[in-house]
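# Tertiary structure, described
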Amino acid sequence: MKLFVYEHCPYCVKARMIFGLKNIPVQVNTVLNDDEATPIKMIGKKALPILVKEDGSFMPESMDIVAYIDKSNGQPLLTGPLSAQVAAWLRHVSEYTQKLLLPRFAAAPFEEFATPEARQYFTDKKQAAIGDFKEHLQHSPGLVKKLNQDLRDLDKLIKEPNAVNGELSEDDIHLFPVLRSLSIVKGVELPTRVLAYRDNMAKQTQINLLTGIAS
């Protein structure tokens, strides 16, 4: 199987996670951000991740891919309970974290930005959506302070370092990509339980953090 992704993309991270958790081999291919032709040829629109299944058919949508792979051997892993509190936390931080993340993603050495044109494509699209990156970067200190408080609230919700609710569930598929993305932001202070959870999930899923390119 092949999985087409952007390295920065949290939805792509969701799809990648289930392969790591289940130790199922997959060939991960990074697509240039301005390459519209490749995904359109596969699924009729520019969107990733896309899984190329063993029969050659294409499957888009991160959670569809997660469900398909999780159930593929008849032994699903994501059987734990869901938490309304975790879902509410994720909704809350999503209201402002893009302002921290997108300007930093645009400057980072991801494979999808291997050409100047691909990087500019991303920058133009995202600035049109959220506004000027430079302005958001100037407001980073206040947003980081807010985030650090929200992370202290998350710390109270984490039951185990290997599963936020004590047993692997879809909440883990939604939470880890956010924490992985936030590892690109300097000044973010992870409380003890959040840090242990993030680092443990990175090992379980075999997905790198972004601490080495934090800005």
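As shown above, the structure is provided for reference.
We now turn to the structure provided with this report. (Residues numbered from 1 in each chain as written. Predicted model: local features only at pLDDT ≥ 70, side-chain atom pairs only at ≥ 80, totals over all residues. Heavy atoms only, no water.)

## Here's the deal with the packing of helix α5 (residues 97–107) against helix α8 (residues 140–155)
The contact between α5 and α8 brings their axes to 9 Å, and the two run at 125°. By the angle class used here, α5 and α8 are oblique. Crossing of α5 over α8 shows left-handed handedness. Across from Thr97, Lys99, Leu100 and Arg104 in α5, the residues of α8 making contact are Ser140, Leu143, Val144 and Leu147. (Axes fitted to C-alpha atoms, helices over the stretch in contact; angles between N-to-C directions. Helix = DSSP H or I, 4+ residues; strand = E, 2+ residues; numbered from the N terminus. Parallel < 35°, antiparallel > 145°, perpendicular 65-115°, else oblique. Left-handed = near helix turned anticlockwise from the far one by under 90°. Contact = heavy atoms within 4.5 Å.)

## Considerations on the environment of glutamine 138
The residue glutamine 138 is located in helix α7 (residues 133–138) in this model. Taking the C-alpha atoms as reference points, glutamine 138 and lysine 14, separated by 124 residues in sequence, lie 30 Å from one another.

## Topic: unusual backbone geometry
Note the cis peptide between leucine 48 and proline 49, where omega equals 10°. Here proline 49 lies in the loop between α2 (37–43) and β3 (50–52). One non-glycine residue with positive phi stands out, namely glutamate 61, at about 70°. Locating glutamate 61 in the fold gives a position in the loop between β4 (58–60) and α3 (62–70). With a relative accessible area of 44%, glutamate 61 lands in the partly exposed category. The backbone phi angle of glutamine 206 is positive, close to 60°, even though this residue is not glycine. (Buried < 20%, exposed > 50% of the residue type's maximum accessible area, 1.4 Å probe, protein only.)

## A look at the pattern of salt bridges
Under the criterion given, the structure shown has 4 salt bridges. A salt bridge links aspartate 153 to lysine 156; its shortest N-O distance comes to 3.8 Å. On the accessibility criterion, aspartate 153 (30% relative accessible area) is partly exposed. (Salt bridge = Lys/Arg side-chain N within 4 Å of Asp/Glu carboxyl O.)

## A short note on the environment of glutamate 61
Taking C-alpha positions, glutamate 61 is 9.0 Å from cysteine 12, a pair spaced 49 residues apart along the chain. When sequence neighbours within four positions are dropped, the list of residues in contact with glutamate 61 reads Lys45 and Pro49.

## Let's talk about the sheet that holds β3
What the 4 strands build is an open sheet, ordered β2-β1-β3-β4; its pairing is mixed. Two strands bound the open sheet, and with one partner strand each, they are β2 (27–30) and β4. When strand polarity is set aside, the average angle formed by the axes of neighbouring strands in this sheet is 20°. Where helix α1 (residues 10–22) meets the sheet, its contacts fall on β1 (2–5) and β3, and the angle it forms with β1 comes to roughly 155°. (Pairing = 2+ DSSP bridges.)

## Brief notes about the pairing of β1
Note that β1 and β2 share 4 bridges and pair parallel. Pairing of valine 5 across the sheet is with threonine 30, part of β2. Following the chain from β1 across α1 to the adjacent parallel β2, one finds a crossover that is right-handed. Sheet analysis places β1 next to β3, joined by 3 bridges and oriented antiparallel. Considered in β3, the bridge of phenylalanine 4 is made with isoleucine 50. (Right-handed = clockwise from strand over helix to strand, strands pointing away.)

## Description of the packing of aromatic side chains
Applying the stated criterion across every chain yields a total of 3 aromatic pairs. Relative to phenylalanine 113, the ring of phenylalanine 110 lies with its centre 6.2 Å away and its plane at 65°, an arrangement referred to as edge-to-face. For the residue pair phenylalanine 110 and phenylalanine 113, the accessibility class agrees, reading buried in each case. Taken together through their ring pairs, the aromatic side chains of Phe105, Phe110, Phe113 and Phe122 make up a single cluster. Over the face of the ring belonging to tyrosine 68 we find lysine 53, whose NZ or CZ atom lies 4.8 Å from the ring centre. (Phe/Tyr/Trp six-rings, centres within 6.5 Å; stacked < 30°, edge-to-face > 60°. Lys NZ or Arg CZ within 6 Å of the ring centre and 35° of its normal.)

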